Amino acid sequence: RNNDRSKSISIDVTKKGGRVLWMLDPREIPEERLTEKQASDIAKKFLKEQGFGDLAETYFLKNDNTTTVTFIGLAEDGILVYPDLMKVKVALDNGDVVGFDAQQYIMSHRKREIPKPKLTEDEARKKVSQKLKIERVKLAIIPMPGNKEQLCYEFKGKYKNNDYFVYINAENGNEENILRIIKDENGTLTQ
């Protein structure tokens, strides 16, 4: 028995249901032997083993020989559910899961009654700047101020060599958000 705190793993469990909210193993990770793809596959397998439902991988961030992969929920018909978010941190030396954060997912996840969009995809597309070269469109539930959620069309596209996501409200056509995606060798971030 030694009392070296750096060797201890921190974990938080819900009182109700005993679900793991988050976990962190702060061990040193001396080298990088795994690829992003391997880390992502390990993260997906870990979440499947934990019994989480359908999830979509969104972003990754690499630092200190780890990769943190962010996942969001998937509702029926492949609708993205951004409030149902969780992160898995994988050590790139041996593939250990050294971090896990499901707090947002556990607080947000529920069976949702998702309304049918009032706007068609074409009607929503007309609300997006012509300058954006649209590459794909998906329906997505996004978080809104005041703990609300909104069904939107998510338009992913390019403008001046940058990737953007534009969110058009599927009920009234309002532009709810625009995110610029920043990619580098360390990961993907939104701005």
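Structure first, text after, so check above.
This one's a predicted model, so the numbers in the text were calculated from it and none came from an experiment. (Residues numbered from 1 in each chain as written. Predicted model: local features only at pLDDT ≥ 70, side-chain atom pairs only at ≥ 80, totals over all residues. Heavy atoms only, no water.)

**Section: the overall build of the protein**
As a reminder, the rule being used: Put simply, DSSP H or I for four residues or longer makes a helix, DSSP E for two residues or longer makes a strand, and each gets a number counted from the N terminus. Remark: exposure states derive from per-residue accessible area (1.4 Å probe, protein chains only) relative to the maximum for the residue type, with buried under 20%, exposed over 50%, and partly exposed in between. Whether two residues are in contact is decided by their heavy atoms: any pair within 4.5 Å suffices. With residues, only the protein chains shown are counted as cover, and all accessible areas are computed by Shrake-Rupley using a 1.4 Å probe.
Looking only at helices and strands, the protein features three helices and eleven strands. Listed by position from the N terminus, the elements making up the protein come as β-β-α-β-β-β-β-α-α-β-β-β-β-β. Based on the C-alpha atoms only, the size of the protein along its principal axes is roughly 65 × 40 × 25 Å. Counting all 191 residues of the protein, 38% fall into the buried class. Looking at the protein alone, contacts between residues at least 24 apart form 48% of all its contacts between residues at least 6 apart. About 12000 Å² of surface is accessible on the protein, with carbon and sulfur atoms providing 48% of the total.

**Observations regarding the packing of aromatic side chains**
So the rule is basically this: Pairing of aromatic rings covers Phe, Tyr and the six-membered ring of Trp, with a centre-to-centre limit of 6.5 Å; geometry is then stacked below 30 degrees between planes, edge-to-face above 60, and tilted otherwise.
Per the counting criterion, the structure on display carries seven aromatic pairs. Ring centres 5.3 Å apart and planes at 75° place the aromatic pair Phe46 and Phe100 in the edge-to-face group. Taken together, the residues span a long stretch of sequence, with Phe46 in helix H1 (residues 36-49) and Phe100 in strand S6 (residues 97-101) at a distance of 54 residues. Under the relative-accessibility criterion, Phe100 is labelled buried at 6%. Measuring from ring centre to ring centre gives 6.4 Å for Phe165 and Tyr167, while their planes differ by 25°; the resulting arrangement is stacked. For the pair Phe165 and Tyr167, a shared accessibility class is recorded, and that class is buried. Site record: aromatic cluster; members linked through ring pairs are Phe46, Phe52, Phe100 and Tyr105.

**A closer look at the pairing of strand S5 (residues 80-91)**
Spelled out, the test is: A pair of strands is treated as paired once DSSP finds two or more bridges between them.
Of all twelve residues making up S5, ten are buried, and the element is well covered by its neighbours. Direction of pairing for strand S4 (residues 66-74) relative to S5: antiparallel, over a ladder of nine bridges. What sits directly across from Leu74, in S5, is Leu80. Counted between consecutive antiparallel strands, the loop separating S4 from S5 contains five residues, among which Asp77 sits at a positive phi close to 65°.

**With respect to the pattern of salt bridges**
Applied cut-off: Throughout this description, the term salt bridge denotes a Lys or Arg side-chain nitrogen within 4 Å of a carboxyl oxygen of Asp or Glu.
Applying the stated criterion to the full structure yields 18 salt bridges. As a salt-bridge pair, Arg112 and Asp84 come within 3.1 Å of each other at their nearest N and O atoms. Placement of the pair is Arg112 in the loop between helix H2 (103-108) and helix H3 (121-125) and Asp84 in strand S5, with a sequence separation of 28 residues. When sorted by exposure, Arg112 lands in the same class as Asp84, which is buried. In this structure, the salt-bridge partner of Asp163 is Lys183, at a minimum N-O distance of 3.3 Å. Within this pair, whereas Asp163 is found in strand S9 (residues 162-169), its partner Lys183 is found in strand S10 (residues 175-184), the two being separated by 20 residues in sequence. What makes Asp163 buried here is its relative accessible area of 9%. Because the salt bridges share partners, they merge into one network encompassing Asp84, Arg110, Arg112 and Glu149.

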